[in-house]
Each structure stands twice: as C-alpha cells, then as structure tokens.
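Descriptive analysis of the structure
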Amino acid sequence: MIIGNISEAASGFSKYPEAVREALQYLCQQDFKNMADGRYPIHGEDSFAILQRYNTRVPESGKPEAHRQYVDIQYIVEGREELGWCPMSPELKVCEPYDGEKDIVFFDKLIPISGITLEAGNFAVLYPTDVHRPCGSLGDSSVPVTKVVVKIAVDSIK
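Predicted model only: the values in this text are computed from it and were never measured.

A few words now on the side chain of Gln74. For Gln74, the position within the fold is in strand β5 (residues 70-78). Its relative accessible area of 2% is what places Gln74 among the buried residues. Here the side chain of Gln74 touches Lys147 through a polar contact of 2.7 Å, side chain to side chain. With sequence-adjacent residues up to four places away left out, Gln74 is seen in contact with Glu81, Leu83, Asn122, Phe123, Ala124, Leu126, His132, Pro134, Lys147, Val148 and Val149.

Glancing now at helix α1 (residues 18-29). Look at α1: 17 Å from first C-alpha to last across 12 residues, which is about the 16 Å you get at 1.5 Å a residue. For α1, the elements touching its buried residues are β2 (38-43), β3 (47-55), β5, β10 (122-126) and β12 (144-153).

Applying the stated criterion across every chain, the model contains five aromatic pairs. Between the aromatic rings of Phe13 and Phe123, the centroid separation amounts to 6.3 Å while the plane-to-plane angle is 80°, which identifies the pairing as edge-to-face. Here Phe13, found in the loop between β1 (2-5) and α1, pairs with Phe123, found in strand β10; they are 110 residues apart in sequence, far enough to count as distant. With a centroid separation of 5.6 Å and 70° between ring planes, the pair formed by Phe48 and Tyr70 is classed as edge-to-face. Note that Phe48 is positioned in strand β3 and Tyr70 in strand β5, a separation of 22 residues in sequence.

Each value, and the rule that gives it
- Residues numbered from 1 in each chain as written.
- Predicted model: local features only at pLDDT ≥ 70, side-chain atom pairs only at ≥ 80, totals over all residues.
- Heavy atoms only, no water.
- Helix = DSSP H or I, 4+ residues; strand = E, 2+ residues; numbered from the N terminus.
- Buried < 20%, exposed > 50% of the residue type's maximum accessible area, 1.4 Å probe, protein only.
- Polar contact = N/O pair within 3.5 Å; in protein donor to acceptor, adjacent residues only side chain to side chain.
- Contact = heavy atoms within 4.5 Å.
- Expected span 1.5 Å × (residues − 1).
- Phe/Tyr/Trp six-rings, centres within 6.5 Å; stacked < 30°, edge-to-face > 60°.

Rendered as structure tokens:
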C-alpha cells in the first residue's frame with residue numbers, strides 16, 4: 001500500500017510505477033466536483049476511474065475486500081473516511097468467495113487491523129495483497145464523501 005496526497009503532483013509522482021503515475025495525473029486533471037457519478041475510461045479496460053458519492057458508515061458494518069486483477073487507487077475528492085487495512089495472510093477468513101467477474105473477494109474481518117484516515121486530496125494505492133475496508137466513518141457521525149476509485153490492471157503495472 002502507498003499513501004500520498006495529490007499535492008505531490010509537482011514532483012510528477014516520479015517514485016511510482018508508470019501506470020500509477022498516469023492515473024494520478026488523470027486525477028489531477030479532472031474537475032470531479034462537477035462530474036456525474038459513473039465510470040470514466042483512462043486506458044480502456046487497463047485503467048478506468050469510478051466516481052462515487054456516498055455517506056460513510058460504521059466501519060465494522062463493511063466487509064474487508066481484496067482484488068486480484070486490479071490495483072485500486074482510492075482518492076478522496078471531498079470529505080473524509082477511515083480506510084481499514086491489513087496485509088493478506090492465511091489468518092483471514094473468506095466470507096464470500098472470489099468473484100472473477102467483479103474481481104472481489106470478501107473477508108470476515110481484518111487481522112491485524114490498521115485504520116488510516118483519508119481526507120480530501122489523499123489517495124491510497126492498494127495492491128492485491130492489501131486487504132481493505134473503505135467507506136468507514138470517523139467517530140459516531142456519517143459524513144458525505146466524494147471519491148474516485150481508479151482501477152489499474154495488474155498486468156499493466158511495471
């Protein structure tokens with residue numbers, strides 16, 4: 001997992017793989033506040049963005065997930081949320097088997113759990129070995145979030 005802030009754009013994101021750099025540059029160039037929710041192509045099925053708006057939820061109400069075919073970049077446009085995280089390990093118990101069409105597997109819980117606060121401008125790059133539980137509220141109150149999830153095919157990461 002990589003955590004960063006879009007303000008790093010001036011550096012050209014030079015420390016990241018090319019496909020990740022391209023995705024982060026794409027995020028810098030869009031006005032997501034004035035775009036409709038939905039899917040936006042970057043490089044066909046190799047990389048695309050999903051813009052979504054929602055209210056955060058009690059973290060424990062969400063199921064941890066992982067992907068095999070795509071790397072996620074979760075970018076917060078507005079709002080803030082807790083991203084639960086743990087590394088893939090044999091201790092994790094699958095509660096919903098891998099769905100190849102949706103590229104997702106769900107787990108009972110994160111073991112061990114780490115919580116990361118993502119605020120407007122923050123992004124997290126999540127690889128297939130990063131089990132994560134997005135959309136968590138911080139504290140007792142739910143807040144609105146605008147987020148873009150960029151999906152990058154694992155095969156295109158060099």
